[in-house]
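# An overview of the molecular structure
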Amino acid sequence: MMGRGALFALLALVTALLGGVGSGPAMAQSQETPSFIEVCADKTAERGRLRYCDAYFREALGAKADPVLYLRDRITHLRASQEANAEDNYESFLTAVAITAFLTIATMILVVSERRIAGIAKWSTATSALALLVIIATMTIGWLEKYRAEDAAMLELGLLRDQIETEASQAIVTGGTLSDAQIQRWTDRLHDIGKRFAENYGNSSIVPDLDRFSPKN
């Protein structure tokens, strides 16, 4: 017959096992990393699409979120600036095309129909008008190339931001950490995009645009 001490020991063991089974899922659930869909619900509703927010990375990564947040903020600022400049350059391009077409037609009609202008004077007037049209056409092409440079860089920055958010969230979900190599790779890619944009933008027009590369950018 089993003694009281052995019986109490058996009951304690059963109670511990049952308690462990009941508390295991609860502990695992409490330690589970919350989804960014829950943390960033307000931002998702505001944007009308799924969008990462700073709070998700800050809560999950702590101080290690600093490089992620800095790069995301920098990229977002640059993309907004490039989007605005791309729209301005494209509008300038369309306006210049309309002005060039109007001046070309008007000049041809005036020079050809004006009978008081004859000989060398007519050719001189036509040449001066043609030179003006060439200048306007050159500026028109420059605005188009500037728009293309802004648009290409904006696309690359968007892809880089997606890569940063995806890799950072993957590290959070898997319980890993962001390595120095990852952060350096993101930084190098941002540097390459900026350098490539500066070269493409600088070569797009013979007219300098000093305001585009101001300290605020």
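Just above, that's the structure.
In this text the structure is predicted, and so the values were computed from the model without any measurement.

## A word on the overall build of the chain
Along its length, the chain carries seven helices and zero strands. The order of helices and strands in the chain, counted from the N terminus, is α-α-α-α-α-α-α. In the chain, which comprises 217 residues, the proportion classed as buried is 25%. Partitioning the intrachain contacts of the chain with sequence separation of at least 6 by distance along the chain shows that 66% fall at a separation of at least 24. A total accessible area of about 14600 Å² is found for the chain, and carbon and sulfur atoms account for 63% of it.

## Quick notes on the packing of aromatic side chains
Under the defined criterion, the tally for this structure stands at six aromatic pairs. On the basis of an interplanar angle of 35 degrees and a centroid distance of 5.8 Å, the ring pair of Tyr52 and Tyr56 is categorised as tilted. With respect to burial, Tyr52 and Tyr56 carry one shared label: buried. Taking the centre distance of 5.3 Å and the plane angle of 70 degrees together, the rings of Tyr56 and Phe57 count as edge-to-face. Across this residue pair, the class does not change: Tyr56 and Phe57 are buried.

## Considerations on the nonpolar core
In this structure, Tyr56, Phe57, Leu61, Val68, Ile164, Leu178 and Leu190 are the most contacted members of the largest nonpolar core, which totals 23 residues. When residues of this core are traced back to their parent elements, those giving at least two are helix H4 (54–61), helix H5 (66–113), helix H6 (120–173) and helix H7 (180–202). Sort the elements by how many residues they give to this core and H6 lands first, with six residues. Aside from chain neighbours lying at most four places away, what touches Phe57 is Tyr52, Gly62, Ala65, Val68, Leu69, Arg72, Glu165, Ala168, Ser169 and Ile172.

## Regarding the side chain of Gln82
For Gln82, the position within the fold is in helix H5. Polar contacts involving the side chain of Gln82 include one to the main-chain amide nitrogen of Met154, which spans 3.5 Å.

## Description of H7
Turn by turn, an α-helix covers 3.6 residues, leaving residues three or four places apart pointing in a common direction. Over its 23 residues, H7 extends 33 Å from the first C-alpha to the last, a length consistent with the 33 Å expected when each residue adds 1.5 Å. Listed as buried for H7 are Gln182, Trp186, Leu190, Ile193, Phe197 and Tyr201.

## What about the state of the cysteines?
Considering all chains together, one arrives at one disulfide under this definition. Here Cys40 engages in a disulfide with Cys53; their sulfurs sit 2.1 Å apart. Measuring handedness by torsion sign, the sulfur bridge of Cys40 and Cys53 sits at about -80 degrees and is left-handed. Of the two residues, Cys40 is situated in the loop between helix H2 (36–39) and helix H3 (41–47) and Cys53 in the loop between H3 and H4; the sequence distance between them amounts to 13 residues. The class for Cys40 is buried, based on a relative accessible area of 1%. Of the residues examined, Cys53 reaches a relative accessible area of 10% and is grouped as buried.

## What to know about H4
Considered for burial, the residues of H4 that qualify are Tyr56, Phe57 and Leu61. In a view along the axis of H4, the buried residues occupy a sector of 95 degrees, so they form one face of it. Phi for Gly62, located one or two positions after H4, is positive at around 65 degrees.

## Regarding a negative patch on the surface
Residues Glu83, Glu87, Asp88 and Glu91 make up a contiguous surface patch of negative charge. Within the secondary structure layout, Glu87 lies in helix H5. Overall, Glu87 belongs to the partly exposed group, its relative accessible area being 45%.

## Remarks on the pattern of salt bridges
Enumeration according to the criterion identifies six salt bridges in this entry. A salt bridge links Arg196 to Glu156, with the shortest nitrogen-to-oxygen separation between them at 2.5 Å. Remark: Glu156 occurs in helix H6 and Arg196 occurs in helix H7; sequence separation between them is 40 residues. A network of salt bridges, in which partner residues are shared, links Arg51, Asp54, Arg72 and Glu165.

What counts, and at which threshold
Residues numbered from 1 in each chain as written. Predicted model: local features only at pLDDT ≥ 70, side-chain atom pairs only at ≥ 80, totals over all residues. Heavy atoms only, no water. Helix = DSSP H or I, 4+ residues; strand = E, 2+ residues; numbered from the N terminus. Buried < 20%, exposed > 50% of the residue type's maximum accessible area, 1.4 Å probe, protein only. Contact = heavy atoms within 4.5 Å. Areas by Shrake-Rupley, 256 points an atom, 1.4 Å probe, with all protein chains shown as cover. Phe/Tyr/Trp six-rings, centres within 6.5 Å; stacked < 30°, edge-to-face > 60°. Core = buried A, V, L, I, M, F, W, Y, C linked by side-chain atoms within 4.5 Å. Polar contact = N/O pair within 3.5 Å; in protein donor to acceptor, adjacent residues only side chain to side chain. Expected span 1.5 Å × (residues − 1). Disulfide = S-S within 2.5 Å. Arc of directions from axis to C-beta. Patch = residues over 30% accessible without salt bridge, like charges linked within 9 Å, V, L, I, M, F, W, Y side chains within 5 Å. Salt bridge = Lys/Arg side-chain N within 4 Å of Asp/Glu carboxyl O. Lys, Arg positive; Asp, Glu negative; His and termini not counted. Charge placed at Lys NZ, Arg CZ, Asp CG, Glu CD.

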